[in-house]
Amino acid sequence: MWKTEKTPSIFKQALIVNKKPFPWLKAFLAGVAAGLPICIGLLFGNLEYGLIAGLGGFTYLYVFPIPYAQLARKLTFCVLGITACVFLGTIVAPYPIFTAILMGIIGSIAMFIFGAFQLIGPSAIFFVLVFAMTTGMPTAPNEAFLRAGLTFLGGVLSWIIAMSGWLFNPHGPEKDVVRRTYLDLANLVDSIGTEKFNDAKNKVMSSLKEADQTLTVGNNPWHTKDIYKRLIVLNIYANKIFLYVVDEFDECQKSLSSEFGEAVRIIAALIESGSIINDSLNNNLPHPNEMDEKSTLLFMEITAAKDSLNESSLTLKEQMHILNPSAKQTLLGAFDKNSIILINALRFGLFIVLAAILAYEYELNRSFWVPLSCVAVMSGANAVATFHRAIQRSFGTVVGILIASVILAFHPSGFVIPFLVFLLTFITELFIVKNYGLAALFFTPNALLMAESGSQGKFAFTYFASARLIDVAIGIIIGLIGVWVVGKKSASSRLPHLVSKTIRSQAQVLFALFSGQEQKIDLKNSTEINKMQTNIKNLKTVYDTASGEIPVNKKAIEYYWAIVYSIEQLGFLLEKYSNIKDRPILSEKGISQLLFIFETMAIAANRQTSVTKKEIPEINELPSIQYVVEDLQKNFQKLTYSQS
């Protein structure tokens, strides 16, 4: 049911402070990563070198609670990327037009890679910042290798600090996500026969997808530890239990006894306590007093999951299957002509170039603050988020510049500079989870302090403050124009075609799974599966972007919400069932009917018309797929909408 209460204004939404807890440890380590290189530079008697090395400290700002195997790869590319930005910035600094073009290219590439691989983090902001700050340094192309080397050392220090947690809890993120999956699974089992079942089912689907992704990127191909193998197998059993529940209990009207959910929670508790690394476990699961055939089989699946904790490493290895799409496949999917990721990256780069050219053309002092502000604003996920960023950036920058002006008016020197960098970085990381505007209060003076401390020029307070405010205002305006002109309805206009394309790819997977052509599909190498995954990813991105357009087409968003949701559900089930060896085989008539239904829905999506109800062939062994296809067809029977 759609909510009808009044939505808060964009301005009020931008000022909302969320209730996420403060990341104290991450904030402290981020401050250390930023301030320590400057301290080392001072110890060697060269503040300038310390400040340049401090640019590498921005690497730590890309640290998030992801598996250490993925974190190591991600931060390695961040170190190399930031180092390359310093090198290129030093080389092209004397040539404003090349500087502007290269700044746009750097922004586009970073935005595209973060979008394509769905990496969490500040995306292109700090790559562009480092490049821009380097171009603002004294022109010295002959120092390109020196500056890049110092930055690299600062980045390596951040890498070491970030990876230090691996020594104490090498698979912490993976353990946490599998534990949460089993807790959600326990809630699903408890909700059988109640009105909460569908909501619990959706939550488990989200948890399973997150667990699959986390365990996939956490794989170390050179050395797989026993604990990681057990987590992989536990996740496989979680998928089995989920599929059995949705197949056998979706229409159930009677609740199961509480022992079933409690048994699943015991497994979650074992994961949290670290008992999964023991060779023998004596924890007995609570046994229900009464069970019919279906509930007995469910309890057997739960027991098998718990018993997997006692299996040998060799047995675990035989059960493992890690499916990770290649980088080439991911990038090609994002290069699709209907991919909003590619469109956003190109738009992003274009307006960075325009902002930089404008700043250089009018010879604004420290002109890099114009494109940098443009980057900060355009980094929003959609138009609404962009306006939020503009409001937050404006508020945070005005106050932040005043703070920076006061700090710089005292001409800080010596170890006061790294202490201030540490403190401002620490506070920034504390508040970034609360509100971007609050973080900008401290990020702005931090960046200005690092940029201006190595500068020989000293300006009056009023000149300094007014120059920065003008630069930021120009950058924000250019960013907003970019979103308004280029992004207006660009996502919602792509929804019909992409829905149609995704449905057709799912029809191909259905045919491959249930026609008897293949009994075992290799998920990693299956063209049908890979195409479906890419289309679903693009569809979700486009839909999320369309929901944040200004003005938003509410009819289109509401119309497609249920359709996109059903498509995502169907894709999830098809991926899971592709791992089952003994799948049911549909008759030629049944397959033909299914393909006809899917093609009818695909045409309806393209033409934005409704469909008439058609009989869906029964898939007795896997009724959950039949139910989802029925829901998808029902969603296409709704009234059409107008995009005008």
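Structure: above.
These lines cover the structure that appears in this document, whether it is placed above or below. (Residues numbered from 1 in each chain as written. Predicted model: local features only at pLDDT ≥ 70, side-chain atom pairs only at ≥ 80, totals over all residues. Heavy atoms only, no water.)

**So, a nonpolar patch on the surface**
Residues Tyr95, Ile97, Phe98, Ile101, Ile105, Ile109, Ile113 and Ile357 make up a contiguous nonpolar surface patch of about 720 Å² in total accessible area. At 6 residues, helix H5 (residues 96–116) tops the list of elements feeding residues into the nonpolar patch. Structurally, the position occupied by Phe98 is in helix H5. (Patch = residues over 30% accessible without salt bridge, like charges linked within 9 Å, V, L, I, M, F, W, Y side chains within 5 Å. Areas by Shrake-Rupley, 256 points an atom, 1.4 Å probe, with all protein chains shown as cover. Salt bridge = Lys/Arg side-chain N within 4 Å of Asp/Glu carboxyl O. Helix = DSSP H or I, 4+ residues; strand = E, 2+ residues; numbered from the N terminus.)

**Considerations on the pattern of salt bridges**
Close approach of charged atoms lets side chains of opposite charge pair. Scanning the model with the defined rule gives 11 salt bridges in all. In this structure, Arg265 and Asp190 form a salt bridge, with 2.7 Å as the shortest nitrogen-oxygen distance. One end of the pair, Arg265, is in helix H11 (residues 258–273); the other, Asp190, is in helix H8 (residues 172–190), with 75 residues separating them in the sequence. Judged by its relative accessible area of 25%, Arg265 is partly exposed. Here the residues in one salt-bridge network are Asp176, Arg179, Arg180 and Glu210, joined through shared partners. (Buried < 20%, exposed > 50% of the residue type's maximum accessible area, 1.4 Å probe, protein only.)

**Points about helix H9 (residues 197–217)**
Along its 21 residues, H9 runs 30 Å from first to last C-alpha, staying within 8% of the 30 Å computed at 1.5 Å per residue. Residues of H9 that are buried: Phe197, Ala200, Lys201, Val204, Met205, Ser207, Leu208, Ala211, Thr214, Leu215, Thr216 and Val217. (Expected span 1.5 Å × (residues − 1).)

**Some remarks on unusual backbone geometry**
Of note, the phi angle at His411 is positive, near 50°, even though the residue is not glycine. Checked against the element boundaries, His411 lands in the loop between helix H17 (383–409) and helix H18 (416–431). Located in the positive-phi region is Gln608, a residue other than glycine, with phi close to 60°. Counting through the fold element by element, Gln608 comes out in the loop between helix H24 (588–607) and helix H25 (623–635).

**Details of the side chain of Glu429**
Summarising the element assignment, Glu429 is placed in helix H18. Setting aside residues no more than four positions away along its own chain, Glu429 makes contact with Pro23, Lys26, Ala27, Ala30 and Leu61. (Contact = heavy atoms within 4.5 Å.)

**Things to note about the nonpolar core**
Tyr182, Phe242, Ile625 and Phe636 are the most contacted members of the largest nonpolar core, which has 94 residues in total. It is helix H10 (residues 226–248) that contributes the most residues to this core, 15 residues altogether. Discounting residues that sit within four places of it in the chain, Phe636 has contacts with Val499, Ile503, Tyr559, Ile563, Met601, Ala604, Ala605, Thr609, Ser610 and Val611. The next biggest cluster of nonpolar side chains, apart from the first, holds 89 residues, and it includes Ala162, Met163, Leu448 and Val472. (Core = buried A, V, L, I, M, F, W, Y, C linked by side-chain atoms within 4.5 Å.)

**Comments concerning empty space enclosed by the protein**
Summed over the entire model, instances satisfying the criterion amount to 2 cavities of 30 Å³ or more. Volume-wise, the largest cavity comes out at about 70 Å³. Residue lining of the largest cavity: Ala30, Ala34, Gly57, Phe58, Leu61, Phe126, Thr425, Thr428, Glu429, Phe443 and Asn446, and that is the complete set. Every element with two or more residues in the lining of the largest cavity is listed here: helix H2 (24–43), H18 and helix H19 (436–453). With 3 residues, H18 is the single largest residue contributor to the lining of the largest cavity. Residue classes in the lining of the largest cavity are distributed as 6 nonpolar, 4 polar and 1 charged. (1 Å grid on protein atoms, 1.4 Å probe; cavity = no way out; pocket = protein on both sides within 12 Å on 5 of 7 lines; lining within 4 Å. Points joined across faces, edges and corners; volume = space filled by probe spheres on them. Nonpolar A, V, L, I, M, F, W, Y, C, P; charged D, E, K, R; others polar.)

**Structural notes on the environment of Glu568**
Following the sequence through the fold, Glu568 ends up in helix H23 (residues 554–577). For the pair Glu568 and Gln533, spaced 35 residues apart in sequence, the C-alpha to C-alpha distance is 9.6 Å. Non-local contacts of Glu568, meaning those with residues more than four positions away in its chain, are made with Lys209 and Lys540. There is a polar contact of 2.4 Å between the side chain of Glu568 and the side chain of Lys209. (Polar contact = N/O pair within 3.5 Å; in protein donor to acceptor, adjacent residues only side chain to side chain.)

**Here's the deal with the packing of H8 against H11**
At their nearest, the axes of H8 and H11 sit 8 Å apart, and the two run at 175° to each other. As summarised for this structure, H8 and H11 are arranged roughly antiparallel, according to the angle between their axes. Contacts between H8 and H11 pair Lys175, Val178, Arg179, Tyr182, Leu183, Leu185, Ala186, Asn187, Val189 and Asp190 from the former with Ser258, Phe260, Gly261, Val264, Arg265, Ile267, Ala268, Ile271 and Glu272 from the latter. Grouping the constituent residues of the contact of H8 with H11 by class yields 11 nonpolar, 3 polar and 5 charged. (Axes fitted to C-alpha atoms, helices over the stretch in contact; angles between N-to-C directions. Parallel < 35°, antiparallel > 145°, perpendicular 65-115°, else oblique.)

**Things to note about helix H3 (residues 47–56)**
Taking burial as the measure, the 10 residues of H3 include 7 buried ones, the bulk of the element. Listing the buried residues of H3 in full gives Gly50, Leu51, Ile52, Ala53, Gly54, Leu55 and Gly56. Residues of H3 that are buried sit in contact with H2, helix H4 (68–92), helix H6 (125–135), helix H7 (144–163), H18 and H19.

**Describing the packing of aromatic side chains**
All chains considered together, the criterion is met by 17 aromatic pairs. Between the aromatic rings of Phe422 and Phe426, the centroid separation amounts to 6.1 Å while the plane-to-plane angle is 15°, which identifies the pairing as stacked. Residue Phe422 and its partner Phe426 are both found in helix H18; the two are separated by 4 residues, about one turn of the helix. Here Phe422 and Phe426 have matching classes, each one buried. With a centroid separation of 6.0 Å and an interplanar angle of 20°, the aromatic rings of Phe431 and Phe442 are classed as stacked. Placement of the pair is Phe431 in helix H18 and Phe442 in helix H19, with a sequence separation of 11 residues. Assessed through its relative accessible area of 24%, Phe431 is described here as partly exposed. Ring-pair connections join several aromatic residues into one group, and the members of that group are Phe22, Trp24, Phe28, Phe422, Phe426, Phe431 and Phe442. (Phe/Tyr/Trp six-rings, centres within 6.5 Å; stacked < 30°, edge-to-face > 60°.)

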